[in-house]
Amino acid sequence: MIEVSDLKKSYGEVEAVAGVSFTAHPGEIFGLLGPNGAGKTTTIGCISGLLRPTSGHVRVLGHDVVTEGTAARSSLGVVPQEIALYDEVSATENLRYWGGAYGLQGGRLTRRVQEVLELCGLLDRAREPIKRFSGGMKRRLNFACGIVHQPKVLLLDEPTVGVDAQSRVRLLDLVRAQAGAGTCVLYTTHYMEEA
């Protein structure tokens, strides 16, 4: 669960987030809809612990992201707006890296990497360097890296930006599947039809 109470984030005179409050529950897709520059990515940054709020409180699964950051992040998955992959290595190696960063290892890591590759439709390209992937394939792998460790809370920052219609449909199906499995999903977008 995500609890945000009167969240504010300023950069000098610029107030990027101005008193946002909401609660998102397990099995729910909670959307933040707004144009570029509305503060969606800044809000995600504060929830994930990458940015320190100017004021207000953020809790993830009951843990304050400022005072209990490690505990708050332990069950958190993040799919950033920018692709966060290593181009020179394969999809499998990217997933093994991100899974390992969350403590997966051995057979459990190997099984989970295979599961998410199949889930995202990339199993047939698993060993290929991702620099050869299309934009939509990279978006799906970016998503896979965010769920490889089976997070209880998933932050998705405009995960379909710049993808073709087919990849968008597949990504949206993956988002619904995560919520259907009980994950609390926070989804930012500037597309009204996605919201």
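Just above sits the structure.
The shown structure was predicted, so the numbers you read here are calculated from the model rather than taken from an experiment.

## Some points on the sheet that holds strand β1 (residues 2-11)
For step 1, the next point in the chain: Taken in spatial order, the four strands make up an open sheet running β2-β1-β4-β5, and their pairing is antiparallel. Here the strands that pair on one side only, and so sit at the sheet edges, are β2 (14-24) and β5 (63-64).
For step 2, the next point in the chain: In terms of strand pairing, β1 meets strand β4 (residues 55-60) through five bridges, oriented antiparallel. From the neighbouring strand, S5 faces β4, where its bridge partner is H57.
For step 3, the next point in the chain: Relative to β1, helix α1 (residues 40-48) is tilted by about 115°, and along the sheet it contacts β1, β2 and β4.

## Describing the environment of L32
For step 1, the next point in the chain: Along the chain, L32 falls in strand β3 (residues 29-33).
For step 2, the next point in the chain: Sequence-wise, L32 and Y97 are 65 residues apart; in three dimensions their C-alpha atoms are separated by 29 Å.
For step 3, the next point in the chain: If near-sequence neighbours (up to four positions away) are discounted, L32 is found in contact with F22, K40, T43, L186, Y187, T188 and T189.

## Focus: the pattern of salt bridges
For step 1, the next point in the chain: This model, assessed by the stated rule, comprises six salt bridges.
For step 2, the next point in the chain: Between K40 and E158 there is a salt bridge; the shortest N-O distance is 3.4 Å. Linking K40 in helix α1 with E158 in the loop between β7 (153-157) and α6 (165-180), this pair joins segments that are 118 residues apart in sequence.
For step 3, the next point in the chain: Note on K40: relative accessible area 7%, which makes it buried.
For step 4, the next point in the chain: Given the relative accessible area of 4%, E158 is considered buried.
For step 5, the next point in the chain: With its nearest N and O atoms 3.7 Å apart, the salt bridge here joins K138 to D87. A residue pair is termed long-range when its members are at least 10 positions apart, and K138 in helix α5 (residues 135-147) and D87 in the loop between β6 (76-79) and α3 (91-101) qualify at 51 residues.
For step 6, the next point in the chain: The class for K138 is buried, based on a relative accessible area of 18%.
For step 7, the next point in the chain: Using a relative accessible area of 34% as the deciding quantity, one classes D87 as partly exposed.

## Side note on the packing of α3 against α5
For step 1, the next point in the chain: For the pair α3 and α5, interaxial distance at closest approach is 8 Å and the crossing angle is 30°. One way to sum up the angle between α3 and α5 is to call them roughly parallel. You can see that α3 and α5 cross each other, and the crossing is right-handed. Residues A91, N94, L95 and W98 of α3 lie in contact with α5, whose contacting residues are L141, A144 and C145.

## Thoughts on the side chain of N142
For step 1, the next point in the chain: Its location among the elements puts N142 in helix α5.
For step 2, the next point in the chain: What makes N142 buried here is its relative accessible area of 3%.
For step 3, the next point in the chain: Those residues in contact with N142 that sit more than four places away from it in its chain are V79, P80, E82, I83, A84 and L85.

Scoring rules and cut-offs
Residues numbered from 1 in each chain as written. Predicted model: local features only at pLDDT ≥ 70, side-chain atom pairs only at ≥ 80, totals over all residues. Heavy atoms only, no water. Pairing = 2+ DSSP bridges. Helix = DSSP H or I, 4+ residues; strand = E, 2+ residues; numbered from the N terminus. Contact = heavy atoms within 4.5 Å. Axes fitted to C-alpha atoms, helices over the stretch in contact; angles between N-to-C directions. Salt bridge = Lys/Arg side-chain N within 4 Å of Asp/Glu carboxyl O. Buried < 20%, exposed > 50% of the residue type's maximum accessible area, 1.4 Å probe, protein only. Parallel < 35°, antiparallel > 145°, perpendicular 65-115°, else oblique. Left-handed = near helix turned anticlockwise from the far one by under 90°.

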